[in-house]
Amino acid sequence: MNSATERQAILLVDDDTDFQNELRRMLLANGLVNVETAVNGVSALERLDRGSIGLLLLDMVMPGLSGSELLGIIGERYPMVPVIMITAVGDLISIINCIKMGAFDYLTKPLDTGRLYASVTKALKFSELNSQNRQLRNYLQGESLSSPEIFADILTVNSRMKSIFKLVETIAVTPHPVLISGETGVGKELLAKAVHAASGLCGEFVPVNVAGLDDVMFSDTFFGHKKGAFTGAAESREGLIKKAHGGTLFLDEIGDLSKESQKALLRLLQEKEYYRLGSDILYHSNARIVAASNRDLKPMINSGAFRNDLYHRLATHEILIPPLQERREDIPLLAAHFARTAAASLGKEPPAIVSDVRMALQADDFPGNIRELRNRISNAVACNNSGVLTMEDFPELKNRSKQAKGIVRISGDRDFTLHAAFKTFPTIEEMEHLLVQEALKISEGNKLMAAELLGISRPTLNRKLAAAENQ
C-alpha cells in the first residue's frame, strides 16, 4: 500500500486476541501496516476519540458492549468512519440489521484473505474520499491554504487558479494519478511540481516528455534494460520508474504516446509492476504518476487514438489550467516578474514598464500563454537600453493597440468604453480612482500587489487612498 493510505489507521476490535493476531497478520501480509487493536467497545471508543482512524473491523459478539451496540454509537459519533462487521456463518439476521444500521460491509469466519483485502481496500478508499470531500468543502467555505509556499513559483491573483491550489492540497496526499490539462505554456509542469511538493513524498520529482518516444525508446527510458538486452546495451540501465521510486514521475504530452506504449503504461498503473528490457525479473513501483496533456484526450478516445481505460486510470484526479487570456489580471504581475528576472540574468537594473505596455499586454490573446509572455518580455529587456519598456520594445503590439484605442479591458473578462463606465467624460482623478479600486479588487486587497499592478510604490498608493478618503 502507499503512504497516503497507510496514514489511515485500521482498528481491529475483538476480545479474542488469538483471532485478532491472525487478522493482523493477514492485513500485514497484504501491505496494510498501520493496524491498531482494541479488546472491547470502551477501549475502541477511547481510540476513536483521538482521531486518525480510517476503518474499523468489528467483531459482532463481544462481552459487555456488543458489536451491534458499538456500531450504533459509532454511527452517531463518527458517521464518516466505515465499519466492517465480522460474524459467524449463519448469522444472517444480525448481518442485515447491521447493514441497515450503516455497516460498510461484513465478513464471515473463517476469513477469506482475498475477500478481506478487497473489502478493506474499498472501505479505505471510501474513507479517503470522504476526507477529501471534507477538506474541499472547508476550502470552498473560505479555509486558506495550509502551505501557500508550495505555490510560490506560480504567480497569480486569479480566483480560478487559487481554487486549483486548494484542490491540489486536497488531492496531493492521495496515491492516485493526476491528469493536468491545459494549452501549451500555461504552466503544467509547475503545477505538477506543486502536486509533488504538497504530497510529502520523499522521493524525486522526475519529469519526462513522452512526445517523440517510439515503443522501444519508451520502454527503455521508463523501465530500463538489462546488459546485452539489445545491440549497444553494453551496461544495464535503471529506468525513470526506478529513479522516481518513492516520488513522482511526471509524464508530459501524454496524448502523443503510441498505442503500444499506452498499453505498457496501463499495466504499470494497474499492477505497479514492470520488467526491464531483456530481463525476467519482476520489479515493483511505488512512484506516483502525474501526467499532462495540451490536447483534449476525449476526442482522441472517440477516434481510437487514446485508450479509454488508460484515460480513466490517469484522470482519477483531473485539473484544467485556464489559458492566460482567461486570467488576464495576472499579466501585469507576470510581466513585472519576467522583466525583473530577465534583467537580473543580464546584469541590468529592472526596467519600468509604462502603462500603455501593461494595458496592451493585458489586452493581447497570447496563444502561447505564459511561455510566450515570458519570451516577449525577455526579448524586450535584452534589446532595451533605456531602463523603460515602451511600446517601441513590443512592435507586435502596436497595430493591435491602435485598433483597440479607446477601449479599456478590466479584470480580463469584459470590454467597456468610457461612456459605459461614466455618464460623462471622466476626469483624470476619476480614472485614477477607478484604476486604484480595480487594482485592489484584482489583488484582493493586497496593497503591495495592487501597487505593482499600477506601476507605483506602496507609499504612493497609500497616499492616494488616504487622499480619496479625505475628499
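Residues numbered from 1 in each chain as written. Predicted model: local features only at pLDDT ≥ 70, side-chain atom pairs only at ≥ 80, totals over all residues. Heavy atoms only, no water.

A. Focus on the pattern of salt bridges. Across all of its chains, the model carries 14 salt bridges by this definition. With a shortest N-O distance of 2.6 Å, D256 and R295 are connected by a salt bridge. Here the residue D256 occupies a position in the loop between strand 10 (248-252) and helix 11 (259-271), and R295 occupies one in the loop between strand 13 (288-293) and helix 12 (297-303), the gap between them amounting to 39 residues. The partly exposed category is assigned to D256, whose relative accessible area is 32%. With a closest N to O distance of 2.9 Å, D365 and R328 form a salt bridge. Taken together, the residues span a long stretch of sequence, with D365 in the loop between helix 15 (355-363) and helix 16 (369-383) and R328 in the loop between strand 14 (317-320) and helix 14 (331-346) at a distance of 37 residues. Under the relative-accessibility criterion, D365 is labelled partly exposed at 40%. R328 sits in the buried class, given a relative accessible area of 4%. Beyond isolated ion pairs, a larger network of salt bridges with shared partners links D364, E372, R376 and E396. (Salt bridge = Lys/Arg side-chain N within 4 Å of Asp/Glu carboxyl O. Helix = DSSP H or I, 4+ residues; strand = E, 2+ residues; numbered from the N terminus. Buried < 20%, exposed > 50% of the residue type's maximum accessible area, 1.4 Å probe, protein only.)

B. Structural view of the nonpolar core. Ranked by size, the top nonpolar core spans 31 residues in total, and within it F222, L249, L251, I254, L265, F306 and L314 carry the most contacts. For this core, the secondary structure elements donating two or more residues are strand 7 (205-209), helix 9 (215-223), helix 10 (240-243), strand 10, helix 11, strand 13, helix 12 and helix 13 (308-314). Of all the elements, helix 11 adds the most residues to this core, at four residues. Those residues in contact with I254 that lie beyond four places of it in its chain are L179, V210, L265, A291, A292, S293, L297, F306 and L314. (Core = buried A, V, L, I, M, F, W, Y, C linked by side-chain atoms within 4.5 Å. Contact = heavy atoms within 4.5 Å.)

C. Highlighting the pairing of strand 10. In terms of residue burial, strand 10 counts as a mostly covered element, since five of its five residues are buried. Burial along strand 10 is two-sided: T248, F250 and D252 facing one way and L249 and L251 facing the other are all buried. As paired strands, strand 7 and strand 10 are joined by five bridges and run parallel to one another. Across the sheet, the residue bridging to F205 is T248, located in strand 10. (Pairing = 2+ DSSP bridges.)

D. A look at the confidence of the model for the protein. Here the protein averages 84 in pLDDT, while 89% of its residues score no lower than 70. When the criterion is pLDDT under 50, residues 401-416 qualifies, and its contacts beyond four places in sequence or with other chains add up to 23 contacts. (pLDDT = per-residue confidence, 0-100.)

E. Quick look at helix 2 (residues 17-29). Its 13 residues place the ends of helix 2 18 Å apart at the C-alpha level, agreeing with the 18 Å of an ideal helix rising 1.5 Å per residue. N-capping of helix 2 is provided by D16, with a side-chain oxygen placed 3.1 Å from the backbone N of D18. Downstream of helix 2 by a residue or two, G31 has a phi angle that is positive, lying close to 85 degrees. (Expected span 1.5 Å × (residues − 1). Polar contact = N/O pair within 3.5 Å; in protein donor to acceptor, adjacent residues only side chain to side chain.)

F. Inspection of the packing of helix 19 (residues 428-442) against helix 21 (residues 458-470) at higher detail. Between helix 19 and helix 21, whose axes approach to 11 Å, the crossing angle comes to 115 degrees. Along this stretch, helix 19 crosses helix 21, giving a crossing that reads as left-handed. For the pair helix 19 and helix 21, contact is made by E432, H433, V436, Q437 and L440 and by L461, K464, L465 and A468, respectively. Its residues assigned to classes, the contact of helix 19 with helix 21 comprises five nonpolar, two polar and two charged. (Axes fitted to C-alpha atoms, helices over the stretch in contact; angles between N-to-C directions. Left-handed = near helix turned anticlockwise from the far one by under 90°. Nonpolar A, V, L, I, M, F, W, Y, C, P; charged D, E, K, R; others polar.)

G. Geometry of the side chain of D105. Position of D105 among the secondary structure elements: in strand 5 (residues 105-109). Judged by relative accessible area, D105 falls into the buried class, the value being 16%. Of note is the side chain of D105, whose polar atom sits 3.0 Å from the side chain of R115. Those residues in contact with D105 that lie beyond four places of it in its chain are V83, I84, M85, I99, R115 and S119.

H. Geometry of the packing of aromatic side chains. In the structure shown here, the tally under the stated rule is seven aromatic pairs. Seen in terms of ring centroids, F151 and F165 are 4.4 Å apart; in terms of plane orientation they differ by 15 degrees. Their pairing is stacked. In this pair, F151 is assigned in the loop between helix 6 (113-140) and helix 7 (159-171) and F165 in helix 7, connecting sequence segments 14 residues apart. Side by side, F151 and F165 carry an identical accessibility label, which is buried. Where Y274 meets Y283, the ring centres are 5.7 Å apart and the plane angle is 25 degrees; that geometry is what we call stacked. (Phe/Tyr/Trp six-rings, centres within 6.5 Å; stacked < 30°, edge-to-face > 60°.)

I. Layout of the side chain of R276. Considering the arrangement of structural elements, one finds R276 in the loop between strand 11 (273-275) and strand 12 (282-284). Of note is the side chain of R276, whose polar atom sits 3.5 Å from the side chain of Y283. Sequence-distant contacts of R276, that is, excluding residues within four places in its chain, are made with F223, G224, H225, K226, R237, E238 and Y283.

J. Highlighting the packing of helix 7 against helix 8 (residues 188-199). At a minimum axis distance of 9 Å, the contact between helix 7 and helix 8 shows a crossing angle of 40 degrees. As judged from the angle between their axes, helix 7 and helix 8 are oblique. Crossing handedness for the pair helix 7 and helix 8: right-handed. Facing helix 7, whose interface residues are I164, F165 and V168, helix 8 presents L191, A194, V195 and A198. Looking at the contact of helix 7 with helix 8 residue by residue, the classes come out as seven nonpolar, no polar and no charged. (Parallel < 35°, antiparallel > 145°, perpendicular 65-115°, else oblique.)

K. Local environment of the sheet that holds strand 13. Strand order in the open sheet made by the five strands is 7-10-13-6-14, with parallel pairing throughout. Here the strands that pair on one side only, and so sit at the sheet edges, are strand 7 and strand 14. This sheet shows a mean twist of 20 degrees between the axes of neighbouring strands, independent of strand direction. Sheet topology places strand 10 next to strand 13; four bridges connect them, and they run parallel. In the sheet register, F250 faces strand 13, and the bridge partner there is V290. Against the sheet, helix 8 touches strand 6 (178-181), strand 7, strand 10, strand 13 and strand 14, its axis set at about 160 degrees to strand 13.

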